[in-house]
Amino acid sequence: MLVSATALLGATLGTVSGLLTLCGLSLLCKSCKKGKLERGDEADPEKAKPSILHTLTQFSVQKSTKPIQPQASLKFPEIYCPKPCVTSQEVINYKEHGAANDTSAAALDTCNQATDREDVFSLPRQASTDETPCTSEQTGAMTKSSSILYPKLHFSISLHKENEELHISIVEAENISVEAGCEGYISGCVSVSEEQRHAQTAIHKLAAHVQWGEELVFALPVEGTEDTDSLDGEVALSLHCCDRFSHNSTLGTMRFKLADISMMLDADCWVDLQPPKQQEVASSSGELLLSLSYLPAANRLGVVVMKARGLQSDKLKDNIDLSVKLTLKHLNAKLKKKQTRRVKHKMNPVWNEMMMLELPSELLAKSSVELEVLNLASPGTLLPLGRCVLGLRTSGTGLQHWKQMLDNPRKQIAMWHPLYT
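Keep in mind that what you see is a predicted model, and the values were worked out from it rather than measured.

1. Re the overall build of the protein
Phase 1: Within the protein one finds 5 helices and 19 strands.
Phase 2: Counting only residues that meet the buried cut, the protein has 38% of its 421 residues in that class.
Phase 3: In the protein, once contacts between residues fewer than 6 apart in sequence are set aside, the share between residues at least 24 apart is 67%.
Phase 4: Total accessible area on the protein is roughly 26,200 Å²; 54% of this is exposed by carbon and sulfur atoms.

2. Things to note about the pattern of salt bridges
Phase 1: As enumerated under the stated definition, the model contains 9 salt bridges in all.
Phase 2: The residue Arg197 makes a salt bridge to Glu195 at a minimum N-O spacing of 3.4 Å.
Phase 3: The partner of Arg255 in a salt bridge is Glu234, and the shortest N-O contact between them spans 3.5 Å. Of this pair, Arg255 sits in strand β9 (residues 248-257) while Glu234 sits in strand β8 (residues 233-242), and the two are 21 residues apart along the sequence.
Phase 4: You can call Arg255 exposed: its relative accessible area is 54%.
Phase 5: Overall, Glu234 belongs to the partly exposed group, its relative accessible area being 25%.
Phase 6: One network of salt bridges, with partners in common, ties together Lys329, Glu370 and Arg387.

3. A word on the packing of aromatic side chains
Phase 1: All told, the structure shown has 1 aromatic pair when counted by the stated rule.
Phase 2: Arg309 extends its terminal NZ or CZ atom over the ring of Trp416, reaching a point 3.7 Å from the ring centre.

Rules used throughout
Residues numbered from 1 in each chain as written. Predicted model: local features only at pLDDT ≥ 70, side-chain atom pairs only at ≥ 80, totals over all residues. Heavy atoms only, no water. Helix = DSSP H or I, 4+ residues; strand = E, 2+ residues; numbered from the N terminus. Buried < 20%, exposed > 50% of the residue type's maximum accessible area, 1.4 Å probe, protein only. Contact = heavy atoms within 4.5 Å. Areas by Shrake-Rupley, 256 points an atom, 1.4 Å probe, with all protein chains shown as cover. Salt bridge = Lys/Arg side-chain N within 4 Å of Asp/Glu carboxyl O. Phe/Tyr/Trp six-rings, centres within 6.5 Å; stacked < 30°, edge-to-face > 60°. Lys NZ or Arg CZ within 6 Å of the ring centre and 35° of its normal.

Laid out in structure tokens, this is it:
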């Protein structure tokens, strides 16, 4: 009886002690979790629960369907400043550009430093009122070949049979485009029976419109005054320009047959003077393949010297070392020179070199590009093999290629050009 009571009491005490141990362990686990949470709330105050020390803040959130634009701080790249356009002496009136031109040129030189080896001709630049000389604006549209106006000549013809003379009255000329300060005259040439008779007007200061009011008198053979339809000859009228450097150039020429005089007697004639033709020879000394393109936005002319073929010259017997020299001209002034690399021991050389030239669009009508094939016969001795000229003041393929380039900006136009010595 005593043993059973003792066993019952021990079991009861064991059960109670086990329950107390479980309660203590559960309280200890809860206290540990509570301590970890409090330490986490202190480390992250945004997740801390509101208490006496933390006041609850109310936030109002509004929904919107408007698109949100990013507010990023962008850094724009530096704006490219093109080199100032080189302006030749022909388009500057020296009387109007004095000391102000010197200061502007000095400021422009700081922005226009040569980066490659080439011959650059130093020419005065137009004075600019812009505070940033490195930037330029394109004020006019690019010149189109269809918008080029050739000089027009107004004249009349009369035949004096009693004096056996042909009188050509030069009245006026229009659409003359030359530099300021140039002078000019009109010359006439009558070719009859392998004989030439020349006459010219007085020299006048050239402008867009010039009045002459002079007569050119030519003596005709006796049989020519009786029947002009039987005459076998030609009359040529040319407009010439004399600039301040004493360079004479032909602005335009017109020709007609003596047999057509009877239809032109005592009539006011207006004719367009055509650009002078290149001096042609019996055969060319080869051909040069060129590609032209013009970028109006950048005011840059691109000339690609591709290859040559059919070069025929006695200067190629000893040594073959060929290159091409390019010269950019505005009227009679040379603006820039460049030259390709040399190709040795090849009669049909290939260069495939591009040359970029700065040329404002307003100067395209009066500018030209001259290319000359050279052979280095010996050290320091360059012999010319042939040349070609491209521009609106030329003829043949040079004029055709230039017009196609103007009508198709930003496109590469390739064409073969004959070389003349």
